[in-house]
Every structure is written in structure tokens, then in C-alpha cells.
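Here is what each chain is made of, one letter per residue.
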Amino acid sequence: MKEVVTTSLIKQCKTLNHLAQIHAQITTQTLNLTNPLLLPTLLQSFTSLIPNPPPQTPLRQRLLSYANSLFHQIHGPATFSYNNLTRACTLLSAQSQALRIFTRMRLLGLPPDSHTFPFVLSASARIGSACLVPALHCQAFKFGFLIDLFVVNNLVHAYAAGAEAVWDAWKVFDESPQRDAVSYNAMIDGFVKSGDLVRAREVFDGMPERESVSWGTMLAGYAASDQCAEAIRLFNRMLGEDGVSPDNVALVAVMSACARLGEVEQGKLVHDYIIRTRIQVDVYLCTALVDLYAKCGDIEMSIKIFESCYDRNLFTWNSMLVGLAMHGHCQTCLDYFSRMVESGIRPDGVSFLAVLVACSHSGLVEDARQLFRDMELVFNVPKEHKHYGCMADLLARAGLIEEANEMIDGMQEGGNLFAWGGLLGGCRTHQNITIAEKAAKNVVTLYPEDGGVYAIMVNVYANAERWDEVEGVRRLMRAKRVKRNAGRSVIHMSG
């Protein structure tokens, strides 16, 4: 009777700690010697209690060791136990071990079942090996599991995880005698990841019934590929559908689209929908809202939302920093940067670019110099082309033309377009013709189609009353048919 109760308790466990207590009882009372089902049941329950997403590395490794220890205590483990250990390894991000377990099982001659392939296919999809999935596909075919919808869905997902194999995923999907929403969603996701939004939309439109994941995947695909107007249209269509509500993925996607197009009124409608339906604003929604209002000109609302968000990650802070820099709030931007560092969030290249731009707008040379030095020395953030370009622009604006020129000359890969362009702008302001000519030559070499550099040199020469050079530049522009592209900025308002 004690053994039956123990088995029952194992299946009722709700936490890993509770499970460990039951395991201790099994060990001290040597119950596993008389009931061979106890340890396999324990392993199954353990696997079902693994948290999702998986814990951080130290705890993950301990859980993995525990799963292996349990498995090795099982005398003559059957396919059931191999499946559970494979699943545990997959959930704990030990995909290579999961595949080795499957290989060992097959070498021992143990037959797979309908639960084997979903676990091992999930592991192979995460590894991203081009040869593993076809091999597993052959095994599933050999054992007759291609009629199992769960196996087929995981096979479609595994193929679709590699953009180059998306048509193999389509073949499996197309030949499958039965499909469900998971099948369609996996196929849509595969086409979206491969950049084929036309085929993704065809699959989406062909779904008998769409769910939130389907809409969210399609919306995210449009937003990521800069088809923002289509993302907004699809979202509005979604709101008109009965029985489906946008999830956070869909909401983040449409707000990103609104931010890029400057569709402030549409963005406000989405925000009102979030408030009205009492959707929990997680860190991703908070970041999207901060970015939306900052890019659409309402920096006060952006700050208000940021301050109301208790869970902030690096992207949330970066959205706020970029917004403040873009609106010319230099000191506030620097203050927020300090707060970010003090909160334990390590800045990245975007963070530093934002504060450097803020310093450039306000002419805070010394602050910028310190930040530029700290990037690599303190925060181990590599300096990229845009950082050098921003620094060159700042120094040149401040009249430190020679310092900017020396910085560019000292770059490991030589000056880039951002750096020489920033220096050229400062030379125009401070009328340094010699270095302006050097910067212009480098800009033309790096980007011959840039019409702006010719216009700047015309301005530089004209201010110096060097009319022959002015005419020479204009002749060169006519000969090369160079046209200067005018900049523009658009924000859509009501009406």
C-alpha cells in the first residue's frame, strides 16, 4: 500500500521541492527495488515541473544533473524514460545531449513512439543543423508517424526554423492529411522568417480559423520588414474579427509600425485599447509605447509611461535615451543614462550613441569625451562607425577641427562615412577649407552618390569667395548628374 501511495504522490507533486522530498523517501525506504515504476514516474513528473522559460545557468545545470541521475538509476529504461530525459534536456537548453540520448536509444534497438519525435525535433530545430531534420524525417516516416499531427507540426516547425529549408516545411505541411492552427502558425512563421511575406499571407488567408498567434506572427512580419502600413491595416482588420483579441506580440508590432510611420493618432487608439481592455503592460509593451510617443513628438507622454513601468530592460532604457536625445533634452538624457547604470543595466552601443547625440546637440564636449573614453575602458562596449561619426560631428561643431581630424586618422579601419561627414559639416560652419577638402574627398570615395557633399563644398567655397572652385564643383555635379536629396519628416495627425 505504501508503494501505491508513493506513486500517487509523485503524480500529484506541484513543485520540484516536493518532488525531491518524495525522491528522498523512495531512496531511504528502497521502494524502487520492489516497484520499477517509481523512478520512471519520478522522472516524468520532474520533466513536467521544469519551469518555462528555463532558469539561469547554475540552476539549469543542477536540474540537468538531477535528471541524468534519475535516469541512470532506472534499471533497463524503456522508450518512456528515454522520451522524458530527451524532453528534460530540450527544456533545459541541452539540445545536443537530447540528440545523443535519442541516438543511444536507437543504437540499443528501442523503438521510438509518437512522443519521441516531437521532443527530438524540437531539439534539432534549436540547434539549427541542416542535416539533422531530414534524418529525423526519415525515421518518422520509417516508423509510420507522419500521420500523427503532433509529429507533423514539430517537423514543419523544425524545417521552418532554418530559412533555407522553408520549402521542405511547406512540402510536409502541404502533404499532411490533417492540419490545425499550430500547423498553419508554424508555416506562417517559417515564411516570415525567410522573408517571403507574400506566401506567409497566402497561408494566413487560407486558415479555416485564425487565432491570436496567427495574427501576431503576421503583424510582426510586416513590422519587421518595414511594411508598416500593411501592419496597421491588418491590425485594424483583426479588431473587427469576432472571438479574437490581439496579444502582446501583435500590439508591440502595430505600435512599432505606428512609430515608424509617425501615425500618432493610430498609436493613441492602440494605447486606448490597451487601457480599455486592461491588458497587462509588460516590459515589451512599455518599450513600444515609450518609443511610439518619443518618435511621434510627445516626449512628455513617453517619460510618463517610462516612469510608470516597473520592469525595464535595456531596450526600454534605450528607447527613452534615444527619445530624449532626439528631442534635445541633453541633461535629462545624461541623467537617465546615470540612472540606468545605477540600476544595474549595462549600456550598449545604442545607449552611448544616444547620449553622444545629446551631447552633440548641446555642445557638451567634455561630457562626450568622458563617455567616449568610458565606452571601452569601463563598459567594454566597442566603438562603432556611428560613435566615431557622432564624436567627429560634436568636435567639429565646437570648432575642434584638428582634434576631430586626428581622431579619424587614428581609427583602425580608417575614417568612415559617418566620421568624415560629421567633420565636413563642422568645416562648413568654421570655414576650414583645407580639412573640408580632405573630408569631402573621403566622403566622395566612400559614397559617390552623395549629392550633399557637393552642396556643402559649394557653400564652403562661396563663403570664402572662391568662385572658381564654386563653378568647378557645380560643373562636376552636372557632369556626374548628381542631385541632392532633400530631407523630410512626416507625422500623421487626425484629419
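The structure under discussion appears in the preceding block.
Values in this document were obtained by computation on a predicted structure and should not be read as measured data.

**Let's talk about a nonpolar patch on the surface**
- Together, Leu417, Leu446 and Tyr447 make up a nonpolar patch on the protein surface, roughly 250 Å² of accessible area in all.
- Within the secondary structure, Leu417 sits in helix α25 (residues 417-430).
- For Leu417, a relative accessible area of 32% gives the class partly exposed.

**Description of helix α21 (residues 349-362)**
- With 14 residues, α21 extends 20 Å between its outermost C-alpha atoms, agreeing within 8% with the 20 Å of an ideal straight helix rising 1.5 Å per residue.
- Here the buried face of α21 lies against α19 (314-326), α20 (330-342), α22 (365-377) and α23 (385-397).
- Here α21 starts with a cap whose side-chain oxygen sits 3.1 Å from the backbone nitrogen of Val350, and that cap is Asp348.
- One or two steps after α21, the chain reaches Gly363, where phi turns positive at roughly 70 degrees.

**Regarding the packing of helix α7 (residues 116-127) against helix α9 (residues 149-160)**
- Interhelical geometry of α7 versus α9 gives an angle of 5 degrees and a closest axis separation of 9 Å. Here α7 lies roughly parallel to α9, going by the angle between them. Contacts between α7 and α9 involve Phe117, Pro118, Leu121, Ser122, Ser124 and Ala125 from the first element and Phe150, Val151, Asn154, Leu155, His157 and Ala158 from the second.
- Residue classes in the contact of α7 with α9 are distributed as 8 nonpolar, 4 polar and no charged.

**Regarding the state of the cysteines**
- Counting across every chain of the model gives 0 disulfides.
- Not engaged in a disulfide, the cysteine Cys228 finds its nearest cysteine sulfur in Cys258; these two sulfurs lie 8.7 Å apart.
- The exposure class assigned to Cys228 is buried, which follows from its relative accessible area of 3%.

**Focus on the pattern of salt bridges**
- Taken as a whole and assessed by the stated rule, the structure comprises 16 salt bridges.
- Among the salt bridges present, the one from Arg233 reaches Glu230, with a minimum N-O distance of 2.8 Å. With a gap of 3 residues between them, Arg233 and Glu230 both fall in helix α14 (residues 228-239), about one helical turn apart.
- Linked by salt bridges that have partners in common, Arg201, Asp205, Glu230, Arg233 and Arg237 make up one network.

**Overview of unusual backbone geometry**
- Located in the positive-phi region is Asp226, a residue other than glycine, with phi close to 70 degrees.
- For Asp226, the location among the structural elements is in the loop between α13 (212-224) and α14.
- Backbone geometry places Arg278, a non-glycine residue, at a positive phi of 55 degrees.

**Quick notes on α20**
- With 13 residues, α20 extends 19 Å from end C-alpha to end C-alpha; this agrees with the ideal 18 Å at 1.5 Å per step.
- When we look at burial in α20, the residues that qualify are Cys330, Cys333, Leu334, Tyr336, Phe337 and Met340. Down the axis of α20, the smallest arc covering the buried residues is 160 degrees, so these residues share one side.
- Buried residues in α20 make contact with α18 (299-308), α19, α21 and α22.
- In the segment just after α20, Gly344 is the residue with positive phi, at about 95 degrees.

**Quick notes on the side chain of Ser302**
- Within the secondary structure layout, Ser302 lies in helix α18.
- For Ser302, a relative accessible area of 0% corresponds to the buried category.
- Contacts of Ser302, omitting those with residues within four sequence positions, involve Val290, Tyr293, Ala294 and Met320.

**Some words on the environment of Leu356**
- Its place among the elements puts Leu356 in helix α21.
- On the basis of relative accessibility, which here comes to 1%, the residue Leu356 falls in the buried class.
- Residues Leu356 and Gly262, spaced 94 residues apart in sequence, show a C-alpha to C-alpha distance of 24 Å.
- Among all residues touching Leu356, those that are not within four sequence positions of it are Ala368, Leu371, Phe372, His387, Cys390, Met391 and Leu394.

Rules used in this analysis
- Residues numbered from 1 in each chain as written.
- Predicted model: local features only at pLDDT ≥ 70, side-chain atom pairs only at ≥ 80, totals over all residues.
- Heavy atoms only, no water.
- Patch = residues over 30% accessible without salt bridge, like charges linked within 9 Å, V, L, I, M, F, W, Y side chains within 5 Å.
- Areas by Shrake-Rupley, 256 points an atom, 1.4 Å probe, with all protein chains shown as cover.
- Salt bridge = Lys/Arg side-chain N within 4 Å of Asp/Glu carboxyl O.
- Helix = DSSP H or I, 4+ residues; strand = E, 2+ residues; numbered from the N terminus.
- Buried < 20%, exposed > 50% of the residue type's maximum accessible area, 1.4 Å probe, protein only.
- Expected span 1.5 Å × (residues − 1).
- Contact = heavy atoms within 4.5 Å.
- Polar contact = N/O pair within 3.5 Å; in protein donor to acceptor, adjacent residues only side chain to side chain.
- Axes fitted to C-alpha atoms, helices over the stretch in contact; angles between N-to-C directions.
- Parallel < 35°, antiparallel > 145°, perpendicular 65-115°, else oblique.
- Nonpolar A, V, L, I, M, F, W, Y, C, P; charged D, E, K, R; others polar.
- Disulfide = S-S within 2.5 Å.
- Arc of directions from axis to C-beta.

It is worth stressing that arrangement in space is one thing and function is another; only the former is reported here.
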